[in-house]
Structure formats: C-alpha cells, structure tokens
Amino acid sequence: MKWIIFFSAAVFLCVSTETDAQSHQKEPNGLCYQSTVTSGIQQKIRLTVWNDNIIQVVITSGKDFSDRESLIITEKSKINCRYIVAENDTDVILSAGKAKACIDKRTSLIRFTDSSGTAVLSESGHSMDAAVDENKPCYHIRQSFHYQEGEFLYGLGSFQDTDLALNGKKITLLQRNRDDVVPVIVSTAHYGLIWDNYSISEFNDIKGSYYLWSEVADEINYFFIYGENNDSIVSAYRRLTGKAPLYPKWAYGYMQSKQKYNTQEEIVSVLKGFRDRQFPLDLIVQDWQYWPENQWGQKTFNRKNYPDPGRMVSDIHSMHAKVIISIWPNMTQGTPDQVDLAGINGLFNDKEHLNILMPEARKMYWEQTRDSLFSYGIDGWWADCSEGYDSDWDSPFFRLPDEKLKEVNTGTLKKMFGSGRYINIYALMHTRGLFEGQRATTSDKRVFILTRSSFAGMQKYGASYWTGDVSANWEEFRMQIPAGLNFCMTGIPYWTTDIAGYFIKHEPGWWFSNGVFEKGQEDEGFHELYTRWFQFAAFCPLFRAHGADFPREPWAFGPPESRTYQTLLKFTNLRYRLIPYIYSLAWKVTADDYTLMRALTFDFQTDTMVYACNDEYMFGSAFLVCPVTEPLYFLPGNIKMNSRELTRDVYLPKGAVWYNFWTGKLYEGGQTIKADASFETMPLFVRAGAIVPMGPFIQYSTEKSDPLEIRIYPGADGEFTLYEDENDNYNYEKGLHSLITFRWEDGQKTLTIENRKGDYPGLLRTRIFNVVLTGENTVNGVEINTNNVKSIQYNGNKQSVSF
C-alpha cells in the first residue's frame, strides 16, 4: 500500500495513508522510526522519553533532524526512566510507564494510550509544506488530532472570549495587546500537549478533530503528556520548561496602579493616603513617561518631576510598601539607551526594539535598567508593550480580524523581526534577560516581573501576565474569568487584570471602548462594575488595580462611609487576612507545581457539569469563587434597576459538601442554588474538609502573622500545610523556611498540628493558633472569631485538639 502524496510548488503533504516500507531502531532515550514510499520520499519520527508520562514527538521529511535549540524546553537533564520498545503486526510501541506511543505501521500515524492501552489521543494526519524564511528553507507545518466524544479542550493562553472551552473554535496564535499565546493544550481526556514553535500559528477545531498549524518550522515538534489530573499535567509542563520561583510576600497583597502618577510628590502622597486611611496596600506602581521628555523608553527619571529618585523609593519603603516601574523594550531613536544598543547592533530592524534574541543586547538592556533604576531600590519590573511590535490602540494588530493576521504578518512583522520564526517569544526572552540580570547581581531581592505578553516557559523567569488594555464594560469583565482560567491551565501560575478595565471614556473611532461609563466615578453603574471586578480580583493570583481616564484609588469612589468604599475595604481586608493561606499555596506552586487559580476540572474531573463552567473556579483547595458578572443595581448613566433579584445562580460541584463563607450554611454538592449577590457580597463557598489559616487585620503583608485563626470546615477529613520564610530573599532555595501541617480527622472531630519542620532567621518560635469549628453559629466572613474558639500556644511540637 502507498501513501497519497500531493505535489504543488514543492509542497509535501502526508495524510492518513499507507506506507510501502518502514523500519525503526532504539535510541538512548526512545526510538527513531523511518517510513519510505515508492517515490523514495522518507518520513522520520523520533520518539523521546522525558519522564514516565512525557513523550516528545519530532517528525521530519528531511534527511536529518534539526539541531536547533528549544527556547522553552530548558530543563534538559532527562530522568533516567525505564522504557520498552516493542513491535507487533500493526504497531511499533514505545512504553514509558504511564504513557505509550503506538506508531501505526500502515499509516505512520501515532496513537497515544495510558499504561493499560486505553486510547487517549490519536493523530489524524500532518503536513509539511516547503517554504522560505529569511531566505532560508523551512516548512509550514500542520499536525491534526482526533479527539474523543465529550472531551473538552482548554489552554493556549489568555484570549478575550466568554467561553472557557476551546472546542469548536479557530484561534490565531499571535501575541496582541489583549490576547496572549501559550501553546499548551490541556484535555479532560487526561493529556496535555506542548507545541514547540514560536512563529504565528493557528488552532482550529472542526467536528471532533483539531489541528495546530505554524508558519515557520524545521520540523513538527510537540510533547505529549499523560496525566491522571490537571495538576500532574501542569507538573510535567514545568518539568520541561522550568519551575515557578516564589514571589516576595508583598506580591500577594494589594497593588495600586493607574495611568499615571506624574511626579515623585504625587506617588509618595498617594501611598501616604493609604496609610492615613488604614486601607491595606503592599505595592504602588510607577507607570510610563517618568523618563525625560521626548525620550520614550529611556530608563532614567525626568529630574524635573522626580528630583530625587532614591529619596522617593526610600520614602515608599519607610511606609512599608514596595514600588515597581514600567519599562519598555522600544526606545525612541537618539535616546542614550537606544544609541548604546544600536552601537552593538542590539536592536531589531526598526532600530527601536531590543533584539531579545541577542544575549549581548539583553545583557546591556539589563545593565541600563540596573544602573538607572534598580540602583535606587526599585522592587520589580512592569514590562509593558512586550509583544515586540506596536500592538497598542492605533495599531492595526489591535483591531485586525483573525483572518487577516497571517496576511499582514508576512509583511510588517517579518520586516521588523527579520524572520517569522520567533515572532511569539518576545516577552519570553525579554523577561529572561531581566530575570537573569537581576539574579546575577549581589542583591538577594526576589525577582518580580509583570508583563503584557507571555509564552510557554515564562514562569521560570519570575514573570506574571495581565490581560492588557481591556475596557470598562460587563461583557469584557465576563471574558476575564475564562481568560485567566485557560492561562493558568497552561502551567503559568500568575495572572491578573486591570480592575474594571483600562479604558472608561469613549474616543471617536476607537472600537475598544463603548463609552458607557463616560462619567466614571460619578456613574453609579461604574461603581457597581468596579466593585464586582474588585471582588473577583481579590481572588486572583495577583490583586491589582489599574486604569486610565479616572483615578483608581479607593477614596475616588466616595468617602469612607460610602457603600462602594466600604465594600472595597472589606474585600481588601479579606485578602490580607488570607495571606497565610495564599502564601502557603504560593509555596506549593513553587515546590509542588500547584495552580492557585483553578478551573473546576482541576478538582472535580468526574463532574461533567463543570467542563463548560465559565464563571466559577477554585482559589486554592478551599474556596469556590463565583463572581457577579451582570449588573443588578444600575445601568450606565445612573439608571436604577428596580426589578432584578439580588442573587446569582451557583453550581456547587458534586463530590463535596459546601459552606457559604458569609453565613456558614451547609449545602450538598451537585446542585444549582441561588446565592446572595447583594452589592457588598460576592458568592463564596468553602469545601467541607478545608482548613483555612487567617491572619490578623494588617496594613501590609509582612506586618504581623500572630495570632492565626485556624478555621476548620467539618464534613470531611482535611489537611493544610502552613509555609513561612523570610518573605523576600532566596534563602528558601537553601532550605531556610518552615512547614507546619494541620490535619483534621472528621470522624474523631480532632485537629492535629504536627511538629514544625525547618527553620529560618526570624522564625516565630512560640505563637497562638485560635482554632474554630465553623458553622452557622460561629462568626463567618471577614471578621475575627472571638467565641467558640480553642486557643493553642504552639512552640513547634505536635499537639491535638478535639471538639
């Protein structure tokens, strides 16, 4: 039997056909399979075992496999994993423990199974079309897969869409202001895929079969990951692309930003306003145009508006806060930083953008940042406009329909980059340069980077992502939830958004703002949108306010006694009381490859009702978060709504019992209820068996951590490990931290606090744990329990308390 081969302008296409001859040979980490047709055209497949659940697939029609180094698969040391190569009448089989890859000898297509042989995913065809990039031969590649009936697909990054699942969608994978590419797919059928390609690409799902296409490649290259659950898939992804380092504790508190603070005096006085009002805050952000006039992107302060940057940072630090600053990879021609980089040919063809592919250019860019900003004590980096080209408001890429993107890409972007091969990895390499530069200094300050674009592997470089310049309307608010969940499912754990959108005002001819809240804070409808978005953001990995057109400080929404201000304060206080819970889970992200913002498929994989759930998620192991994404009080223009019921429907996943966080009322899972959604409340539920450590009311994350209230939600056994360290250095990498494990035995109604493990400078050796058995008769919500509390003085030794 023969392949069906199509020739057109040097195009080679392989579909589900049959081969004339095949052979294979075992290699040190897998096998190489070769098939040949009568015409002499060969296809080679290399299967490489990286772990007992990870198999790499490389397909080429060339004589040899490419030796081009991967920019995302950085953890090269393969685990010494046992594997077996076998052959029968129909297949060549590579068994890697938990996963198998079976090459069909008739078609040369691969079928992936679990260890028992149950089919998980099957190739349905692929193509390699001859092309040219940068005057060098390459291929347009396409790989197709069949997937199972009832299977749901997720991931690929963060896109402005109200649906979580990728099923039935066609998505152009190009970094843009509000869309972010991470070429990782996660499936409810227990697998993940990493597509190792950096050019403009496309995902398309058509009736049970989807494909991935890329414009520039040497070969087809992807990784199949088998996983019993989403957590194991994420762990395998980080096994290949790098662990996520732990952020400083301040990064998990409230971040205040706006476009923009204009002077040294303003930014310091705003921070003082938080402290005077006792509104908690950890970080204030200096946005763009702090640089000298007409020197866009220059990494130095305009001394007219910022006369003493060192004093500014010192004043901020003296109020127990941190400051990060916006840095841009594009610099106006003629500025000092641009001239220096141009002198080493360290810019792309537009003579403005940093050449992130050039190590010497990345090094110089960091040295400029170090000498002009980091030297003053700046605490982190806001890497704005990190797509690597003009993706802002007047750019055609901001508004261009997907079907036109590939056409435009062949012109504008290639001219600037000089090649189409690396268009999607600008932010990855930009953040790499910043991370490696800071880690090479004598400072032990943990790296924190917030960037507007992302790619697979970016978590390794201390980088987080926000969704760009979204607008202030309810539809875009609804889009943020699936955007964040899909992004975090790819394996990059830290994500955030501009609370209530970047844009409020309507500008004629600009499609991205509909002008519904022209009056800003004077519009009660905007108050409601801002409050709902703020409630949601308090349960995101990063909690950050930012926007243009109007101030975003809490007091801009009314006096302290106003309903909006009080609700913002309530949810900020709740975030800070949960810092012990959040920081402990952040450690789990670093140590155990955990995911903090969790689509419901992470924890309830057998409940098919959650597969298409777009507006609920788990925040860690305890909290079911249910944002209110529709107006219940006001329409834009201060139009009061009188007939809306102040509730929202909440689906409680089955397999668990749920407590209303605000009331302590208990509900069985597997049902939809109407939950209170009044202005001051966001529906929030806690899973039975949860142990939630809550700290005191504080003004910044490191103010104090004693006593801790330990809330137990009975109804199931539970466990939680409290993590603590020095808050902001890398001594945790040397083992300087402590772990205290709490175990709840529901049948015995007994909490056991295990022996403390570990030590570090500043460890609180004796402390108070106030243990509360939660229910309708206890204090719930944000307030501290004072009744029905069992107080334990803990000195590091094992103790138990029974109820």
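See above for the structure.
Read on for a plain summary of the structure. (Residues numbered from 1 in each chain as written. Predicted model: local features only at pLDDT ≥ 70, side-chain atom pairs only at ≥ 80, totals over all residues. Heavy atoms only, no water.)

A word on the pairing of strand β6 (residues 84–87)
Here is step 1: Here β6 runs beside strand β7 (residues 91–95); their pairing, made up of four bridges, is antiparallel. Looking across to β7, one finds that E87 is bridged to V92.
Here is step 2: Joining the antiparallel neighbours β6 and β7 is a turn of three residues. (Pairing = 2+ DSSP bridges. Helix = DSSP H or I, 4+ residues; strand = E, 2+ residues; numbered from the N terminus.)

Details of helix α2 (residues 264–277)
Here is step 1: Relative to the 20 Å expected for 14 residues at 1.5 Å per residue, α2 spans 20 Å between its end C-alpha atoms, a close match to the ideal helical length.
Here is step 2: Among all positions of α2, only Q264, I267, V268, V270, L271, G273, F274 and R275 are buried.
Here is step 3: Next to the buried residues of α2 lie β19 (254–256), β20 (283–286), α3 (309–318) and β21 (322–327).
Here is step 4: Positive backbone phi, at 55°, marks Q278, one or two positions downstream of α2. (Expected span 1.5 Å × (residues − 1). Buried < 20%, exposed > 50% of the residue type's maximum accessible area, 1.4 Å probe, protein only. Contact = heavy atoms within 4.5 Å.)

Brief notes about helix α12 (residues 563–577)
Residues spaced three or four apart along an α-helix point in a common direction, a consequence of the helix completing one turn every 3.6 residues.
Here is step 1: If you check α12, its first and last C-alpha atoms are 21 Å apart, about what 15 residues at 1.5 Å a residue would give, namely 21 Å.
Here is step 2: Burial analysis of α12 places twelve of its 15 residues in the buried class, which makes it a mostly covered element.
Here is step 3: Residues T564, Y565, T567, L568, L569, F571, T572, N573, L574, R575, Y576 and R577 constitute the buried set of α12.

Brief notes about the layout of surface pockets
Here is step 1: The space that makes up the largest pocket amounts to roughly 590 Å³.
Here is step 2: Together, 28 residues line the largest pocket, and Q56, S66, R68, E219 and N221 are the ones closest to its centre.
Here is step 3: Sorting the residues of the lining of the largest pocket by element identifies β4 (42–51), β5 (54–60), β17 (209–217) and β18 (220–226) as the ones contributing at least two each.
Here is step 4: Per-element accounting of the lining of the largest pocket gives the leading share, three residues, to β4.
Here is step 5: In terms of lining, the second largest pocket is formed by 22 residues, of which the most central are L585, K588, S621, E719 and F720.
Here is step 6: Mapped by element, the contributors of at least two residues to the lining of the second largest pocket are α13 (579–592) and β39 (718–724).
Here is step 7: Its residues assigned to classes, the lining of the second largest pocket comprises eleven nonpolar, five polar and six charged. (1 Å grid on protein atoms, 1.4 Å probe; cavity = no way out; pocket = protein on both sides within 12 Å on 5 of 7 lines; lining within 4 Å. Points joined across faces, edges and corners; volume = space filled by probe spheres on them. Nonpolar A, V, L, I, M, F, W, Y, C, P; charged D, E, K, R; others polar.)

Remarks on the packing of helix α4 (residues 336–343) against helix α5 (residues 359–372)
To characterise two packed helices, one gives the angle between the axes of the helices and the distance between these axes.
Here is step 1: Where α4 contacts α5, the axes come no closer than 10 Å and their chain directions differ by 155°. Classified by the angle between their axes, α4 and α5 sit roughly antiparallel to one another. Every pair of crossing elements has a handedness; the one defined by α4 and α5 is right-handed. The residues of α5 that touch α4, namely those facing D337, D340 and L341, are A361, M364, Y365 and Q368.
Here is step 2: Here the contact of α4 with α5 is built from residues that sort into four nonpolar, one polar and two charged. (Axes fitted to C-alpha atoms, helices over the stretch in contact; angles between N-to-C directions. Parallel < 35°, antiparallel > 145°, perpendicular 65-115°, else oblique. Left-handed = near helix turned anticlockwise from the far one by under 90°.)

As for the pairing of strand β10 (residues 119–133)
Both faces of the sheet carry side chains from a regular strand, because those side chains alternate between them.
Here is step 1: Across three bridges, the pairing between strand β9 (residues 110–114) and β10 is antiparallel. If you follow F112 over to β10, its bridge partner there is L121.
Here is step 2: Between the antiparallel neighbours β9 and β10 lie four residues, among them G117 with a positive phi of about 95°.
Here is step 3: In this structure, β10 lies alongside strand β11 (residues 136–146), joined through eleven bridges in antiparallel fashion. Across the sheet, the residue bridging to D129 is H140, located in β11.
Here is step 4: Taking the residues between adjacent antiparallel strands as the criterion, β10 and β11 are bridged by two residues, where E134 takes a positive phi near 55°.

Topic: empty space enclosed by the protein
Here is step 1: What the rule picks out here adds up to two cavities of 30 Å³ or more.
Here is step 2: One number sums up the size of the largest cavity: a volume of about 110 Å³.
Here is step 3: Among the secondary structure elements, those contributing two or more residues to the lining of the largest cavity are α13 and β39.
Here is step 4: Here the lining of the largest cavity is built from residues that sort into nine nonpolar, four polar and four charged.

Considering the sheet that holds strand β24 (residues 463–466)
Here is step 1: On the basis of which strands lie adjacent, the open sheet formed by eight strands has the order β25-β24-β23-β22-β21-β20-β19-β26 and parallel pairing. Edge positions in the sheet fall to β25 (495–496) and β26 (543–545), since each has one partner strand and no second.
Here is step 2: Of the strands in this sheet, β21, β22 (380–383), β23 (449–451) and β24 touch helix α9 (residues 426–439), which is tilted by about 165° from β23.

Overview of the nonpolar core
Here is step 1: Grouped together as the largest cluster of nonpolar side chains are 251 residues, with contacts concentrated most on F539 and F623.
Here is step 2: Among the nonpolar cores identified, the runner-up in size contains six residues, and V628, Y633, F634 and F679 belong to it. (Core = buried A, V, L, I, M, F, W, Y, C linked by side-chain atoms within 4.5 Å.)

Overview of the packing of helix α10 (residues 474–489) against helix α11 (residues 524–537)
Here is step 1: In contact at an axis separation of 11 Å, α10 and α11 are set at 5° when each is read in the N-to-C sense. Judged by the inter-axis angle, α10 sits roughly parallel to α11. Residue-level contacts link W474, E476, F477, Q480 and I481 of α10 to E528, L529, R532, W533 and F536 of α11.

Looking at the sheet that holds strand β28 (residues 617–619)
Here is step 1: Read across the open sheet, the six strands follow the order β27-β28-β29-β36-β33-β34; overall the sheet is antiparallel. Looking at the sheet topology across the chains shown, the edges are occupied by β27 (597–598) and β34 (666–668).
Here is step 2: In terms of strand pairing, strand β29 (residues 623–625) meets strand β36 (residues 684–687) through three bridges, oriented antiparallel. Paired with V625 across the two strands is L684, which belongs to β36.

Considering the pattern of salt bridges
Here is step 1: If you walk through the whole model with that rule in mind, you get 40 salt bridges.
Here is step 2: With its nearest N and O atoms 3.2 Å apart, the salt bridge here joins R439 to E733. Within this pair, whereas R439 is found in helix α9, its partner E733 is found in the loop between β39 and β40 (737–745), the two being separated by 294 residues in sequence.
Here is step 3: Since its relative accessible area comes to 33%, R439 is described here as partly exposed.
Here is step 4: Notably, a salt bridge pairs R743 with E754, separated by 2.8 Å at the nearest N-O pair. Note that R743 is positioned in strand β40 and E754 in the loop between β41 (750–753) and β42 (757–759), a separation of eleven residues in sequence.
Here is step 5: Classification of R743 by relative accessible area gives partly exposed; the value is 33%.
Here is step 6: One salt-bridge network, in which partners are shared between bridges, spans D384, E387, R452 and D469. (Salt bridge = Lys/Arg side-chain N within 4 Å of Asp/Glu carboxyl O.)

Quick notes on unusual backbone geometry
Trans is the common state for peptide bonds, and a negative phi is the common state for residues other than glycine.
Here is step 1: Between Q259 and the following residue, K260, the backbone shows a cis peptide bond with an omega angle of 0°.
Here is step 2: Locating K260 in the fold gives a position in the loop between β19 and α2.
Here is step 3: The omega torsion across D706 and P707 is 0°, close enough to zero to call that bond cis.
Here is step 4: Residues other than glycine seldom take positive phi values, yet A500 does so here, at roughly 65°.
Here is step 5: Within the element layout of this structure, A500 appears in the loop between β25 and α11.
Here is step 6: Its relative accessible area of 0% is what places A500 among the buried residues.

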